[in-house]
Amino acid sequence: MCRPRGRTGDAELNESIERVLTAGDAPLVVKVGSSLLIDDDGRPRTAWMHALVAALAARPGPVLLVSSGAIALGRPALGLGGRPGSLAEAQACAAVGQIQLARLWAEAWAGHDRVAAQVLLTLSDLEERGRYLNARNTLETLLARGVVPIINENDTVATGEIRFGDNDRLSARVAQLAGAGLLLLLSDVDGLYEANPRTRPDARLVGRVESVDAKIEALADGPETVGFGTGGMVSKLAAARIATAAGCPVLLASGACDEPIGRYLETGRGTLFEAASRPQAARKQWLRGLQRHGGELHLDAGAVQALHDGASLLARGVDGVKGEFRRGDLVRLCGPDGPVGQGLAGYRSTELNRIVGRHSDEFEAVLGYAGRGPVVHRDDLVLFS
């Protein structure tokens, strides 16, 4: 078997990634974008799909595929020559194309005596704790029975404010949900470069990233659209941040070849984002991945330090409240220097506005009851660093 000859400079790490790709028992999440699945004429690249499935079917561990392509596949049936011009058209395309997409993947896996299952998710499915646990139980049951989940955002019903935004972020959340050993992001480029390789052909590939920090994020040009795909390097870095914080390494490699996994094993070309050395607990992982904020709490420096020391957020450390939200809604926690974390509010925004800066002994006089404890309990918050 070919050994990866990448630039990570860590043979043990390279061998670990190879094991997950070819022989590992841990779940492997593979994200495939529309630009790889659909050719310039809007037709599915079935030969490419079958080659990828053949490589994935050869490994003993479970596989989850996060696949785009439904909208692009549905366009011809609706007589659209270009991108949908409205949300309604996009959702109609998704409704038609999702059946075709599921059939294509099911046929590819059937050739290897494997059953595929369609799993459509919305942001709310992973934002609400009960639905998150239901989704996780479903995936675990499918994987335990050797079924391959084919996962996509439910574009038929998802709208702007309830979307993941792209399947890169969705794949990171799926990797988190499934406790994956690796998230493989197949792209139309080899990995993360020090500059945009489309405009700077001499740009160098970044082989290994220990942490997705501001310096790494600055390497991304911003969202871009290529062919039928959406997103860009910004969304891939966001996905890497989510997955690595959950203890899952991320490999960004090119899918623009007939056998992308074999190519990586032969050449080692790609960018490996290392997992956090201390993955967050399951609930903290879920909290870290939430995206829909109901509002913001502005904290003083002392409260920020207390959070880093492991304390809950108390009302006397809150300087201000922004937005309207209910008890249990997600709120962003902002210190003097910017966002520091997020968590679930212990009070409604109307209540918080009345107890900001106060000691808990004053709550009963202000609220008419003794209060419910901290503003955000330490078990219900996660810090960004």
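Quantities reported herein were computed from a predicted structural model and do not represent experimental measurements.

1. Description of the pairing of strand β11 (residues 330-335)
Burial analysis of β11 places five of its six residues in the buried class, the great majority of the element. Of the strand pairs in this sheet, strand β9 (residues 295-299) and β11 are connected by four bridges, and their pairing is parallel. Note on β11: the bridge partner recorded for His298 is Cys334. Relative to strand β12 (residues 338-344), β11 is paired through six bridges, and the arrangement is antiparallel. What sits directly across from Val331, in β12, is Gly343.

2. Comments concerning the confidence of the model for the protein
Chain-level statistics for the protein give a pLDDT mean of 87 and a share of 92% at 70 or above. Taken as a whole, residues 1-8 scores under 50 in pLDDT and shows 27 contacts with residues more than four places along the chain or in a different chain. This stretch, residues 223-230, has a pLDDT under 50; its non-local contacts, to residues over four places away or in other chains, come to 24 contacts.

3. Quick word on the pairing of strand β1 (residues 28-32)
Within a regular beta strand, the side chains point alternately toward one face of the sheet and then the other, so they alternate between its two faces. The buried count for β1 comes to five of five residues, which makes it a mostly enclosed element. With burial as the criterion, each face of β1 is covered, one bearing Leu28, Val30 and Val32 and the other bearing Val29 and Lys31. Where β1 meets strand β2 (residues 63-67), five bridges bridge the pair, whose relative direction is parallel. Pairing of Lys31 across the sheet is with Val66, part of β2. Across five bridges, the pairing between β1 and strand β5 (residues 182-187) is parallel. The residue of β5 that forms the bridge with Lys31 is Leu185.

4. Some thoughts on the sheet that holds strand β10 (residues 318-322)
Ordered in space as β10-β9-β11-β12-β13, the five strands form an open sheet in which the pairing is mixed. Both edges of this open sheet fall to β10 and β13 (381-383), since each of them pairs with a single strand only. Each strand axis lies, on average, 25° off the axis of its neighbour in the sheet, ignoring direction. Together, β9, β11, β12 and β13 form the strand contacts of helix α13 (residues 301-308), whose direction differs from that of β9 by roughly 100°.

Thresholds, definitions, all that
Residues numbered from 1 in each chain as written. Predicted model: local features only at pLDDT ≥ 70, side-chain atom pairs only at ≥ 80, totals over all residues. Heavy atoms only, no water. Buried < 20%, exposed > 50% of the residue type's maximum accessible area, 1.4 Å probe, protein only. Helix = DSSP H or I, 4+ residues; strand = E, 2+ residues; numbered from the N terminus. Pairing = 2+ DSSP bridges. pLDDT = per-residue confidence, 0-100. Contact = heavy atoms within 4.5 Å. Axes fitted to C-alpha atoms, helices over the stretch in contact; angles between N-to-C directions.

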